[in-house]
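Structure at a glance
Residue strings, one per chain:
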Amino acid sequence: MSATSHTENDQQPDESALQELQGRWFESAGGLTNGAGTTNGRPVSDVATAEREEPKDLGLALRENLSLITRLPTPAREQLFDQFLATVSGQINGTITVSQSPVSQDLRQQNIDIFYKYIEYENSRNYEGMENLFHPTEFRSKTYFGNDPISPKAHTRMLLGLFRSFPDWFMVINEIVSADNEAVVGLITGRGTQYEEFAGRPPKDHQIAIPTLHAIKVRDGLIVEHRHINPFEDIFANQIMAPLTEDIMAVRAQQGFDSSMAQRAYEAAVAAGADPQKLTELKTLIDVKRRQCQVLLKGTLRRCAMIAPPGEIYCEHHQEHGYGIDGLE
């Protein structure tokens, strides 16, 4: 062993120095670590101590450090960024720290009670009581009607059609999967016998049972969002439509138009200083599509793509010929 060789202890910085080094992307003392506990021949602990004792002008140090990062090899630069992201996300030593608001047990229980009340009203066919649970102007039934608010009556008319085809349909809440200050998710089994054609399915002579997850969001004691899915089928079977959207179910319900994405596109165009005429055209499209008819088509259970007149919730055709799956047309 040569006289200049380090001992094993010299090659490893002490724990406090190592922690400080790991929390830094770089050293602003003018050099890089050589991977053996030294920086430009100086022990890491000495560099860290020197920097604490001799602070630089922050603006100058920042420019030097940013310049240093750009000169790093690509793998080293990516490693530093990965380390930073892991640090700020709380992903340290294999653990993830999630920060969230404390849950009010009273509010949580209130939301669970509203969830049970909603299912109770469906089972008893209490449509008026159900509509009173929904927010009058901000209620979204995402599974069937998409991202935009609908009239509570549009949702109950849809259920009229379901219960016309399945008059004995009854749901049992098996489990409250999750509940907090804002939302409740429950595992539910629905059972019923189909007596009429429904969504292209011929009547059956036996009862069926379908497990579903129902989820509601509550604001000020009123339901502002409802959706349900059957997560127990092939998860890849129905994901081919609009694969880049955040909410596949809602976009499918809106016949492929994504109002949320359109709104974000409009806001981005405004921020980018787009041509005013183009902005007007995009804004008009968004406003018009928000008047999409609030009828579910009997054969597909998809929202009618026609536009309702101003102030109406149904298109002219469905005002004259009935309201979709409720059996009036």
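The following paragraphs examine the structure supplied in this document. (Residues numbered from 1 in each chain as written. Predicted model: local features only at pLDDT ≥ 70, side-chain atom pairs only at ≥ 80, totals over all residues. Heavy atoms only, no water.)

**Examining the overall build of the protein chain**
Which entries qualify depends on this criterion: Secondary structure counts use DSSP, requiring at least four H or I residues in a row for a helix and at least two E residues in a row for a strand, with both numbered from the N terminus. Buried residues are those whose accessible area, probed at 1.4 Å on protein chains only, stays under 20% of the maximum for their type, while exposed residues exceed 50% and partly exposed ones sit between those limits. Note on contacts: a residue pair qualifies if any of its non-hydrogen atoms lie within 4.5 Å across the two residues. Accessible surface area values rest on a Shrake-Rupley calculation with a 1.4 Å probe, where residue burial reflects the displayed protein chains alone.
In terms of regular secondary structure, the protein chain is built from 13 helices and seven strands. Within the protein chain, the fraction of its 329 residues that count as buried is 36%. Partitioning the intrachain contacts of the protein chain with sequence separation of at least 6 by distance along the chain shows that 51% fall at a separation of at least 24. Only carbon and sulfur atoms are counted for the fraction: they give 54% of the accessible area of the protein chain, which is about 19,700 Å².

**Brief notes about the pattern of salt bridges**
Selection criterion: We define a salt bridge as a side-chain nitrogen of Lys or Arg found within 4 Å of a carboxyl oxygen belonging to Asp or Glu.
Inspection of every chain in the model, using the stated rule, returns eight salt bridges. Between Arg-140 and Glu-138 there is a salt bridge; the shortest N-O distance is 3.4 Å. Judged by relative accessible area, which is 23%, Arg-140 ranks as partly exposed. Connected through shared salt-bridge partners, Lys-142, Glu-225 and Arg-227 make up one network.

**Some thoughts on the side chain of Gln-294**
Applicable threshold: Two N or O atoms count as a polar contact when they lie within 3.5 Å, although within protein this holds only if one can serve as hydrogen donor and the other as acceptor, and sequence-adjacent residues are included solely when both atoms are side-chain atoms.
Summarising the element assignment, Gln-294 is placed in the loop between helix H12 (276–289) and helix H13 (316–321). A distance of 2.9 Å separates a polar side-chain atom of Gln-294 from the backbone nitrogen of Ser-151. Setting aside anything within four residues of it in sequence, one finds Gln-294 in contact with Phe-145, Pro-149, Ile-150, Ser-151, Ala-154, Arg-303, Ile-313 and Tyr-314.

**As for the pairing of strand S7 (residues 222–229)**
The side chains of a regular strand alternate, residue by residue, between the two faces of the sheet. Quick reminder of the rule: Here, strands pair whenever DSSP counts at least two bridges between them.
For S7, a buried count of six out of eight residues is recorded, marking the element as mostly surrounded by other parts of the structure. Where strand S3 (residues 140–141) and S7 come together, two bridges link them in parallel fashion. Among the inter-strand pairings, Ser-141 is bridged to a residue of S7, identified as His-226. Remark: two residues form the turn of the hairpin made by strand S6 (residues 207–219) and S7, two consecutive strands paired antiparallel; Asp-220 in that turn has positive phi of roughly 55 degrees.

**Some remarks on the nonpolar core**
Applied cut-off: Within this scheme, the nonpolar core is defined by two criteria: the residues are buried Ala, Val, Leu, Ile, Met, Phe, Trp, Tyr or Cys, and they are joined through side-chain atoms within 4.5 Å.
Ranked by internal contacts, the top residues of the largest apolar core, which has 33 residues, are Tyr-118, Leu-159 and Ile-223. Listing elements by their share of this core, those giving two or more residues are helix H6 (105–124), helix H7 (127–133), helix H8 (142–145), helix H9 (152–165), strand S4 (170–179), strand S5 (183–193) and S6. Counting residues per element, this core draws most heavily on H6, at six residues. Sequence-distant contacts of Leu-159, defined by excluding residues within four places in its chain, comprise Tyr-118, Glu-122, Tyr-127 and Met-130.

**Notes on the sheet that holds S5**
Either a parallel or an antiparallel arrangement is found when strands of a sheet pair, and the pairing is made through backbone hydrogen bonds. Put simply, the rule reads: Whenever a helix is involved, its axis is fitted only over the stretch in contact; in every case the axis is a line through C-alpha atoms, and angles between N-to-C directions fall within 0 to 180 degrees.
Read across the sheet, five strands follow the order S3-S7-S6-S5-S4 without closing on themselves; strand pairing throughout is mixed. At either end of the open sheet lies a strand with only one pairing partner, and these are S3 and S4. With eight bridges connecting them, S4 and S5 associate as antiparallel partners. Following the sheet pairing, Val-172 is matched in S5 by Thr-189. The sheet contacts of H6 involve S4, S5, S6 and S7, and relative to S4 the element is tilted by about 165 degrees.

**Some points on H9**
Note the threshold: Given a helix with a known number of residues, its expected span is that number minus one, times 1.5 Å.
An ideal rise of 1.5 Å per residue puts 20 Å on 14 residues; H9 measures up with 21 Å between its terminal C-alpha atoms. When you tally the buried positions in H9, you get eleven out of 14 residues, the bulk of the element. Residues of H9 that are buried make contact with H6, H7, S3, H8, S5 and S7.

**Digging into the environment of Thr-137**
In this fold, Thr-137 is placed in the loop between H7 and S3. Accessibility expressed as a relative area gives 51% for Thr-137, which makes it exposed. Along the sequence, Thr-137 and Ile-150 sit 13 residues apart, while their C-alpha atoms lie 7.2 Å from each other.

**A look at the packing of helix H11 (residues 259–271) against H12**
Which entries qualify depends on this criterion: Small angles under 35 degrees read as roughly parallel and large ones over 145 as roughly antiparallel, with 65 to 115 read as roughly perpendicular and the rest as oblique. Note: crossing handedness is left-handed where the near helix turns anticlockwise from the far helix by less than a right angle, and right-handed where it turns clockwise. Put simply, Ala, Val, Leu, Ile, Met, Phe, Trp, Tyr, Cys and Pro go in the nonpolar bin, Asp, Glu, Lys and Arg in the charged bin, and everything else, Gly too, in the polar bin.
Where H11 meets H12, the axes come as close as 10 Å, and the angle between the chain directions of the two elements is 160 degrees. Here H12 runs roughly antiparallel to H11, going by the angle between their axes. Handedness of the crossing formed by H11 with H12: left-handed. Two secondary-structure elements touch here, H11 through Ala-262, Gln-263, Ala-265, Tyr-266, Ala-269 and Val-270 and H12 through Leu-279, Leu-282, Lys-283 and Ile-286. Here the contact of H11 with H12 is built from residues that sort into eight nonpolar, one polar and one charged.

**Structural notes on the packing of aromatic side chains**
Aromatic ring pairs: the centre-centre distance and the angle between the two ring planes describe each pair. Put simply, the test is: Centres within 6.5 Å are what make two rings of Phe, Tyr or Trp a pair, Trp counting through its six-membered ring; a difference in plane orientation under 30 degrees is then read as stacked, over 60 as edge-to-face, and the rest as tilted.
All told, the structure shown has three aromatic pairs when counted by the stated rule. Centroid distance Tyr-118 to Phe-134: 5.8 Å. Interplanar angle 50 degrees. Geometry classified as tilted. With Tyr-118 in helix H6 and Phe-134 in the loop between H7 and S3, this residue pair connects regions lying 16 residues apart in the sequence. The pair Tyr-118 / Phe-134 is uniform in exposure class, with both members buried. Note on Phe-134 and Phe-139: the rings are 4.0 Å apart at their centroids and 10 degrees apart in plane angle, and the pair reads as stacked. Phe-134 sits in the buried class, given a relative accessible area of 2%.

**Some points on H6**
With 20 residues, H6 extends 28 Å from end C-alpha to end C-alpha; this agrees with the ideal 28 Å at 1.5 Å per step. For H6, the set of buried residues is Asn-111, Ile-112, Ile-114, Phe-115, Tyr-118, Ile-119, Tyr-121, Glu-122 and Asn-123. In this structure, the buried residues of H6 make contact with H7, H9, S4, S5, S6 and S7. One or two steps after H6, the chain reaches Arg-125, where phi turns positive at roughly 60 degrees.

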